[in-house]
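Summary of the model geometry
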Amino acid sequence: MEGMRSLEKPKVIFVLGGPGAGKGTQCSKIVERFKFEHLSAGDLLRAERAREGSEYGALIDEYIRNGKIVPVEVTCSLLENAMKKSANNRFLVDGFPRNQDNLDGWNRQMSDKVDFQFVLFFDCPEDVCVARCLTRGQSGSGRLDDNIESLKKRIETYNNDSIPIIKYFEEMGKVEKIDAKYNADDIFTKVEKIFYKSGFQ
């Protein structure tokens, strides 16, 4: 027994949306307001890659260098470890599952270990996303992928791989869709309503 917490499965919300849809900004507001912990699959992979003595580091490095997606088992294990280590029981999983392989891996490895709530989907028109990312790049986001060539590829990947995942959850009635073309505060007002409705205070 790991104390009381092990009796209750961690509550998980997937946060999805195209590049520049404002996921990061909204996640930090949700963390502040509703006391969730924000887990970004990408950040976890980058941190693990840099961690001294990591069992996955070299593998992750090889995949990232070759522009390939890291095996879903690794990503799921990192997400699971982060949840186990946390004192929190509410998690935003950001930018995952981003394709069918991610989803299948999650369903195999994690779905019975968590209490999945819904997908928070930031639906943002492509031109708005592009403009936001380019502005972010110019203001020195330090993100090498905030340029027009990378962006086009990222948006194409998102349209081909991630949109079908969102449709899958929509068919289950598990998507909360938010029109993300407005400013961050207006968007968060809508986010708050969804969280209240779902029983989060």
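Our structure is the block above this text.
Residues numbered from 1 in each chain as written. Predicted model: local features only at pLDDT ≥ 70, side-chain atom pairs only at ≥ 80, totals over all residues. Heavy atoms only, no water.

**Quick word on helix α7 (residues 148-171)**
Short version of the rule: Comment: elements are numbered from the N terminus, with helices defined as DSSP H or I runs of at least four residues and strands as E runs of at least two. Multiplying 1.5 Å by the helix residue count minus one yields the expected span of that helix. Two axes define the bend at a residue: one fitted to the seven residues ending there, one fitted to the seven starting there, and the bend is the angle between them. For every residue, the accessible area obtained with a 1.4 Å probe (protein chains only) is divided by the maximum for its type, and the residue is called buried under 20%, exposed over 50%, and partly exposed between those limits.
For α7, which comprises 24 residues, the first-to-last C-alpha distance of 33 Å matches the rise-based estimate of 34 Å (1.5 Å per residue) to within 8%. At Asn159, α7 shows its largest kink, close to 35°. Taken together, the buried positions of α7 are occupied by Leu151, Ile155, Tyr158, Ser162, Ile165, Ile166 and Phe169. Backbone geometry just after α7 places Gly173 at a positive phi near 70°.

**What about the side chain of Gln117?**
Applicable threshold: Nitrogen and oxygen atoms within 3.5 Å of one another constitute a polar contact, given that in protein one can donate a hydrogen and the other can accept it, and given that sequence-neighbouring residues count only through two side-chain atoms. In what follows, a contact means two residues having at least one pair of non-hydrogen atoms within 4.5 Å.
Mapped onto the secondary structure, Gln117 falls in strand β4 (residues 115-123). Of the residues examined, Gln117 reaches a relative accessible area of 15% and is grouped as buried. For Gln117, the side chain forms a polar contact with the main-chain oxygen of Asp115, separated by 3.2 Å. Residues contacting Gln117, with those up to four places away along its chain left out, are Lys11, Val12, Ile13, Lys174 and Phe200.

**Observations concerning the packing of aromatic side chains**
Put simply, the rule reads: Each Phe, Tyr or Trp ring (for Trp, its six-membered ring) is paired with any other whose centre lies within 6.5 Å, and the angle between the two planes then decides the class: stacked below 30 degrees, edge-to-face above 60, tilted in between.
Evaluated as defined, the whole model comprises 13 aromatic pairs. Each ring, one from Phe14 and one from Phe96, has its centre 6.4 Å from the other, and the planes form 65°; the classification is edge-to-face. With Phe14 in strand β1 (residues 11-17) and Phe96 in the loop between β3 (90-94) and α5 (100-109), this pair connects stretches of sequence that are 82 residues apart. Here the two residues Phe14 and Phe96 agree in accessibility, since each one is buried. Judged by centre distance (5.1 Å) and plane angle (75°), the rings of Tyr168 and Phe169 are edge-to-face. The class of Phe169 is buried, set by a relative accessible area of 4%. Here a set of aromatic residues connected by ring pairs shows up, and it is made of Phe14, Phe96, Trp106, Phe116, Tyr168 and Phe169.

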